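Coordinates in review
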Amino acid sequence: MKIIKTKKELQAEIEQLKSAKKTIGFVPTMGALHAGHIALVHRCVSDNDCCVVSVFVNPTQFNNPDDLKKYPRDLKKDVSLLEAAGVCLVFAPEADEMYSAEEINTCFDFDFGGLDKVMEGKFRPGHFNGVVQVVSKLFSLVKPDRAYFGEKDFQQLAIIHRMTELMDFPVRIVDCSIVREPSGLAMSSRNERLTDEQRKKAAKISEVLFESRNFVSAKSPKELAAWVVDKINAVDGLNVEYYDIVDAVNLTGIEEWNDNCIGCIAVFCGDVRLIDNIRY
Ligand code: PAF
């Protein structure tokens, strides 16, 4: 497995793979890898001749400087997990390798047709512009045949699909299911920041989401959303930022149930912000 720090080296490796007609799979990450990431990597390794993983904590997608500062980082551990999983290239650049000083301060403006105006987009202004800025740059460098994203970040996934279509990237986006801890808590790098007690409380998030499925015929989407918020807020130390039940295609709120609905949630557990979602 090669660890690459510069765009130039990466481009040279990709050119070699392309001229040898190897298929390239890509898993973009911000490191602090957990079993959820490794599930994406396993799928990527089995589908492609070469699996490329990027490890880059992208500063332009953090609207909260404190969150960026506290984001867990452990490249040594990440590298050993990736090596064991059969990855062929790891791209781990520094921020000044990825962006010029001008780029890092430029607001990347993109028309997501409203997908970025709700939920995460509403509470983390500029977040998706930063995601698209880095993912489009990585797609241009890695030129993957397939790229793998987790459904935990459901809105990000919808936006990546849209970006890929609008920018005509010749890549297949592969949606991968949420991986959960035995307690049901959705795997996230941010879970590392939870104390044992907080981790137990955080498990209540998925528990309530799964329980809410039992009330679909008894409650409207709005009533059910309010029920979920009340149940989770009743747990000391949990504070719901939003819970929206939306159409899974255009992410707009729904008045009536349809057969493609999803509930997306963001909850603060202490100062750790967690997200999850559930299909109805
Ligand atoms: O989902 C993530 O970890 C990040 O948003 C991504 C896609 C790696 C871009 O920085």
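Scope of this entry: the structure provided in the associated data block. (Residues numbered from 1 in each chain as written. Predicted model: local features only at pLDDT ≥ 70, side-chain atom pairs only at ≥ 80, totals over all residues. Heavy atoms only, no water.)

1. As for the overall build of the chain
In plain terms, the rule: Under the DSSP-based scheme used, a helix requires at least four consecutive residues in state H or I and a strand at least two consecutive residues in state E, with every element numbered from the N terminus. In what follows, a contact means two residues having at least one pair of non-hydrogen atoms within 4.5 Å.
Of the regular secondary structure elements, the chain holds 11 helices and 9 strands. Sequence separation of at least 24 residues holds for 72% of the intrachain contacts in the chain that already meet a minimum separation of 6.

2. Considering the nonpolar core
Put simply, the rule reads: We call a set of buried residues a nonpolar core when its members are Ala, Val, Leu, Ile, Met, Phe, Trp, Tyr or Cys and they connect through side-chain atoms within 4.5 Å of each other. Partly exposed describes any residue whose relative accessible area lies between the buried limit of under 20% and the exposed limit of over 50%, with all areas from a 1.4 Å probe on protein chains only and scaled to the type maximum.
If you look at the biggest cluster of nonpolar residues, it comprises 45 residues, and the most contacted ones within it are Leu10, Ile14, Val52, Val135, Phe139, Phe149 and Ile173. The element best represented in this core is helix α8 (residues 127-142), accounting for 9 residues. The residues contacting Val52, other than those within four sequence positions of it, are Ile14, Ile24, Gly25, Phe26, Val27, Leu89 and Val142. The next biggest cluster of nonpolar side chains, apart from the first, holds 24 residues, and it includes Ala202, Val235, Leu238 and Val240.

3. Looking at the packing of helix α10 (residues 196-212) against helix α11 (residues 221-233)
Here is the rule: Angles shown run from 0 to 180 degrees and are taken between the N-to-C directions of axes, each axis being a line fitted to C-alpha atoms and, for helices, limited to the stretch in contact. Oblique is the label for any angle not covered by the other classes, which are roughly parallel (under 35 degrees), roughly antiparallel (over 145) and roughly perpendicular (65 to 115). By the definition used in this description, the sense in which the near helix is turned from the far one sets the handedness, with an anticlockwise turn below a right angle giving left-handed and a clockwise turn giving right-handed.
At a minimum axis distance of 10 Å, the contact between α10 and α11 shows a crossing angle of 150 degrees. Between α10 and α11, the interaxial angle falls into the category roughly antiparallel. Pair α10 / α11 crosses with right-handed handedness. Each of Ile205, Val208, Leu209, Glu211 and Ser212 in α10 lies in contact with α11, whose residues at this interface are Leu224, Trp227, Val228, Lys231 and Ile232.

4. A look at the state of the cysteines
Here is the rule: Disulfide: a pair of cysteine sulfur atoms within 2.5 Å of each other.
Throughout the structure, instances matching the rule amount to 1 disulfide. Each disulfide pairs two cysteine sulfurs, and for Cys50 the partner residue is Cys88, the sulfurs being separated by 1.9 Å. Judged by the sign of its S-S torsion, about -55 degrees, the bond between Cys50 and Cys88 is left-handed. Of this pair, Cys50 sits in strand β3 (residues 50-55) while Cys88 sits in the loop between α4 (75-84) and β4 (89-91), and the two are 38 residues apart along the sequence. Using a relative accessible area of 2% as the deciding quantity, one classes Cys50 as buried. Cysteine Cys264 remains unbridged, with the sulfur of Cys261 as its closest cysteine sulfur at 11 Å.

5. Re the site of the ligand
Heads up, the condition is: Here, proximity means that at least one heavy atom of the residue falls within 4 Å of the molecule or strand. We define a polar contact as two N or O atoms separated by no more than 3.5 Å, with the added condition that, inside protein, one atom must be a possible hydrogen donor and the other a possible acceptor, whereas residues neighbouring each other in sequence contribute only through side-chain atom pairs. Every accessible area reported is derived by Shrake-Rupley at a probe size of 1.4 Å, with residue values counting cover from the shown protein chains alone. Each residue is assigned to one of three groups, with Ala, Val, Leu, Ile, Met, Phe, Trp, Tyr, Cys and Pro labelled nonpolar, Asp, Glu, Lys and Arg labelled charged, and all others, Gly among them, labelled polar.
Around the ligand sit Pro28, Thr29, Met30, Asn58, Gln61, Val134, Val135, Phe149 and Gln156, and those are all the residues in its vicinity. Between an oxygen atom of the ligand and a side-chain N or O atom of Gln156, the distance comes to 2.7 Å. Burial of the ligand by the surrounding chains reaches 88%, relative to a free accessible area of 280 Å². Residues belonging to the shell around the ligand are distributed by class as follows: 5 nonpolar, 4 polar and no charged.

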